[in-house]
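A structural walkthrough
Here are the chains, one letter per residue:
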Amino acid sequence: MHDNIKVYLISERGHSMTNRDLMAAIFKSLADSNRLKIVEYLTTTCRSVSELAREADMSQPLTSHHLKTLRSVGIVRMEGRAAFRYY
């Protein structure tokens, strides 16, 4: 007999999410073509926000917004190097 185990993720805002909620959030974040473009660019190497913005042909604030969404569900992670942020 197996116990029902629920896995919770604490989001960046401090709210807990069940597996189902997390899966829904991941799929929702990937439903945007710009975010998919960013994920595609990040499959080969880490890039700064400005590099991603240039490659994806988006403004830097819009790119940062999309990265924040992807980061909130654990698809990308940020790494600080000096004054730059790499994903």
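No experiment lies behind these values; they were computed from the predicted model shown. (Residues numbered from 1 in each chain as written. Predicted model: local features only at pLDDT ≥ 70, side-chain atom pairs only at ≥ 80, totals over all residues. Heavy atoms only, no water.)

What follows concerns the packing of helix 2 (residues 33–42) against helix 3 (residues 49–56). When two helices pack together, you describe them by how their axes are tilted relative to each other and by the distance separating the axes. Packing of helix 2 against helix 3 brings their axes to within 10 Å, and their N-to-C directions diverge by 115°. In this structure, helix 2 crosses over helix 3, and the sense of that crossing is right-handed. Here Lys-37, Ile-38, Tyr-41 and Leu-42 of helix 2 come into contact with helix 3, specifically with Leu-52, Glu-55 and Ala-56. Per-class residue counts for the contact of helix 2 with helix 3 are five nonpolar, no polar and two charged. (Axes fitted to C-alpha atoms, helices over the stretch in contact; angles between N-to-C directions. Helix = DSSP H or I, 4+ residues; strand = E, 2+ residues; numbered from the N terminus. Left-handed = near helix turned anticlockwise from the far one by under 90°. Contact = heavy atoms within 4.5 Å. Nonpolar A, V, L, I, M, F, W, Y, C, P; charged D, E, K, R; others polar.)

Here we take up the nonpolar core. Within the largest apolar cluster, nine residues are counted, these being Ile-38, Leu-42, Val-49, Leu-52, Ala-56, Met-58, Leu-67, Leu-70 and Val-76. Breaking this core down by element, the ones donating at least two residues are helix 2, helix 3 and helix 4 (60–72). Top contributing element to this core by residue count: helix 3, with three residues. (Core = buried A, V, L, I, M, F, W, Y, C linked by side-chain atoms within 4.5 Å. Buried < 20%, exposed > 50% of the residue type's maximum accessible area, 1.4 Å probe, protein only.)

Attention shifts here to the pattern of salt bridges. This model, assessed by the stated rule, comprises one salt bridge. Between Glu-55 and Arg-47 there is a salt bridge, and its shortest N-O distance comes to 2.8 Å. With relative accessibility at 34%, the residue Glu-55 sits in the partly exposed group. (Salt bridge = Lys/Arg side-chain N within 4 Å of Asp/Glu carboxyl O.)

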